[in-house]
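A structural walkthrough
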Amino acid sequence: MIPRIERATIVVLDSAGVGALPDAADFGDVGSNTFGNIAKHCDGISLPNMQKLGLGNLTDIKGVEPTKNTLGAYGKAAEASKGKDTTTGHWEIAGVAIDKPFPTYSNGFSDEVIRVFEERTGRKVMANKPASGTAILDEYGEEQMKTGNWILYTSADPVFQLAAHEEVIPLEELYKACEIALEICTELAPVARVIARPYLGSGEGNFARTINRHDYSVLPPRATLLDRLLENKLDVIGIGKTSDIFAGQGFSDSRGTNKDNNDGVAKTLKALKEDTKGLIFTNLVDFDMTYGHRRNPEGYKAALEEFDQQLPEIQSLLKEDEILILTADHGCDPTYKGTDHTREYIPILVYGKNIKTNINLGTRTTFADIAATIEELLLGTQSEGSFAKDLYL
């Protein structure tokens, strides 16, 4: 019999993919491999603790050799949804794969969207094009300081991003404008998220985004694992931007991070020390936002190595009847062209003091197998894709 556990923890290493999916050509991502290409570019990477869990068994990572006797279970998963954005990936991890991808806006948003947005916010829009979040500030930051216009940009992901200098446009006004933008986009130009991108500084090369970013997401199209856990009176604690990705739905507690990955790890450690039952769901965004999109493999490597050194403390806090799942939501290969996410497999590394060791979970056909497994272990609900029996029987 598969035992019932009291708590599971998911830690999403945002964008840490393990190799291009078979349909990567459809997304322009042939040859992408976030973990593998970082290690190749940097002449190796040291991740001894994730190596013990089987990371090196998933793809060729210089410095992370395959392990014959892993401490838990390892595998990788393909994305069933046709996308490679944060929202789509997290929704699928929580059990909801979407059949129709969100549209993207390679030519910016329509004149109608801009007109309505300007009318409702009382400010003009400039830029309105796909762009790097740092380059767009160098291009338009000084002009915004002079005019007070919004800086609107998007990317290859389905996002409406609004940048505002905190000393020119108050945070409260920026946040309200993002709420307005989500309403407009829901009607006229569907997006997965509207993102507030506040920044400070003066002059090209001196602008920097602040910690006051906020994401406004659309609701998942149907109930997720999180909703079902709440319905059964279990705790669902979101750490980092996780709650934002689900528009707050399905969480009993949301704990944003105001600094960096280390803050996310610290809040995860604190949550593990608490007497809760259910799910801790953490997103560590620096891998993606600070290093992946900015195409900084050296910084990405250092961040991965830092997390790897923190991993034993996370493992030590697990109770006998708990599991930890390390995974990702897409790729963002920092050695690849452009600044976009990459269409990749995600790792599934599972650790628990009572689970079987050296278990190869193989290649899963959907991220949603993670949700099916956690639901079976927490609620006893059996559904297709669960690998719970592989962990215990």
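Look a little higher up for the structure.
Residues numbered from 1 in each chain as written. Predicted model: local features only at pLDDT ≥ 70, side-chain atom pairs only at ≥ 80, totals over all residues. Heavy atoms only, no water.

1. Quick look at the overall build of the chain
Within the chain, the secondary structure is distributed over 13 helices and 14 strands. For 393 residues, the compact-globule estimate of 2.2 N^0.38 gives 21 Å, and the chain sits close to it at 21 Å. In terms of its C-alpha atoms, the chain occupies a principal-axis envelope of roughly 65 × 50 × 40 Å. Within the chain, buried positions represent 60% of all 393 residues. Considering only contacts within the chain whose residues lie at least 6 apart along the sequence, 68% involve residues at least 24 apart. Entry remark: accessible area of the chain is about 15300 Å², with carbon and sulfur atoms responsible for 47%. (Helix = DSSP H or I, 4+ residues; strand = E, 2+ residues; numbered from the N terminus. Rg over C-alpha atoms; globule rule 2.2 N^0.38 Å. Buried < 20%, exposed > 50% of the residue type's maximum accessible area, 1.4 Å probe, protein only. Contact = heavy atoms within 4.5 Å. Areas by Shrake-Rupley, 256 points an atom, 1.4 Å probe, with all protein chains shown as cover.)

2. So, helix H12 (residues 369-379)
Counting buried residues along H12, eleven of its eleven residues qualify, which places the element largely inside the surrounding structure. Buried residues of H12: Asp369, Ile370, Ala371, Ala372, Thr373, Ile374, Glu375, Glu376, Leu377, Leu378 and Leu379, and no others. A positive phi of about 85° marks glycine 380, the residue just after H12.

3. A word on the environment of glutamate 183
One can find glutamate 183 in helix H6 (residues 171-188). Along the backbone, glutamate 183 and phenylalanine 117 are 66 residues apart, and their C-alpha atoms lie at a distance of 9.8 Å.

4. Things to note about the pairing of strand E6 (residues 193-200)
Strand residues, when the strand is regular, have side chains that alternate between the two faces of the sheet. Extensive coverage of E6 is indicated by the burial of seven of its eight residues. With seven bridges joining them, strand E5 (residues 159-165) and E6 adopt parallel strand pairing. Following the sheet pairing, glutamine 161 is matched in E6 by isoleucine 195. In this view, the connection linking E5 to its parallel neighbour E6 by way of H6 has right-handed handedness. Pairing geometry for E6 and strand E8 (residues 214-217), over four bridges, is antiparallel. For valine 194, the partnering residue across the bridge sits in E8 and is tyrosine 216. Looking at chain direction, E6 and strand E7 (residues 208-209) are connected through two bridges and run antiparallel. Residue pairing in the sheet places tyrosine 199 in a bridge with arginine 209 of E7. (Pairing = 2+ DSSP bridges. Right-handed = clockwise from strand over helix to strand, strands pointing away.)

5. Section: the state of the cysteines
In this structure the tally under the stated criterion is zero disulfides. Its sulfur unpaired, cysteine 185 is 10 Å from the next cysteine sulfur, which belongs to cysteine 178. When its relative accessible area of 1% is taken as the criterion, cysteine 185 is described as buried. (Disulfide = S-S within 2.5 Å.)

6. Some points on the pairing of strand E3 (residues 125-130)
Note: E3 against strand E4 (residues 150-154), five bridges, orientation parallel. Looking across to E4, one finds that valine 125 is bridged to tryptophan 150. After leaving E3, the chain enters helix H5 (residues 135-147) and then returns to the sheet as E4, a path that is right-handed.

7. With respect to the pattern of salt bridges
Under the defined criterion, the tally for this structure stands at 24 salt bridges. A salt bridge links glutamate 173 to arginine 123; the nearest nitrogen and oxygen atoms lie 2.6 Å apart. Here glutamate 173 is found in helix H6, whereas its partner arginine 123 is found in the loop between helix H4 (111-121) and E3, with 50 residues between them in sequence. Relative accessible area serves as the criterion here: at 26%, glutamate 173 is assigned to the partly exposed category. Residue arginine 213 is joined to aspartate 215 by a salt bridge in which the shortest nitrogen-to-oxygen separation is 2.8 Å. When salt bridges that share partners are traced, they join Asp23, Glu79, Lys82 and Arg343 into one network. (Salt bridge = Lys/Arg side-chain N within 4 Å of Asp/Glu carboxyl O.)

8. Describing the packing of helix H9 (residues 261-273) against helix H11 (residues 297-316)
Between H9 and H11, the shortest axis-to-axis distance is 11 Å and the interhelical angle comes to 5°. Classed by the angle they form, the pair H9 and H11 counts as roughly parallel. On H11, the residues that touch Asn262, Val265, Leu269 and Leu272 of H9 are Glu306, Phe307, Gln310, Glu313 and Ile314. Of the residues belonging to the contact of H9 with H11, the class tally is five nonpolar, two polar and two charged. (Axes fitted to C-alpha atoms, helices over the stretch in contact; angles between N-to-C directions. Parallel < 35°, antiparallel > 145°, perpendicular 65-115°, else oblique. Nonpolar A, V, L, I, M, F, W, Y, C, P; charged D, E, K, R; others polar.)

9. Some points on the side chain of glutamate 344
Tracing the backbone shows glutamate 344 in the loop between strand E12 (322-327) and strand E13 (346-351). At 3.4 Å, the side chain of glutamate 344 forms a polar contact with the backbone nitrogen of valine 18. A distance of 2.7 Å separates the side chain of glutamate 344 from the side chain of threonine 34, its partner in a polar contact. Discounting chain neighbours no more than four positions away, the residues touching glutamate 344 are Gly17, Val18, Gly19, Ala20, Leu21, Ser32, Asn33, Thr34, Gly331, Cys332 and Asp333. (Polar contact = N/O pair within 3.5 Å; in protein donor to acceptor, adjacent residues only side chain to side chain.)

10. Focus: the environment of asparagine 149
Residue placement: asparagine 149 occurs in the loop between H5 and E4. Through-space distance from the C-alpha of asparagine 149 to that of serine 386 is 50 Å; in sequence the pair is 237 residues apart. Filtering out sequence-adjacent residues up to four positions away, asparagine 149 remains in contact with Lys124, Met126, Gln144 and Ile169.

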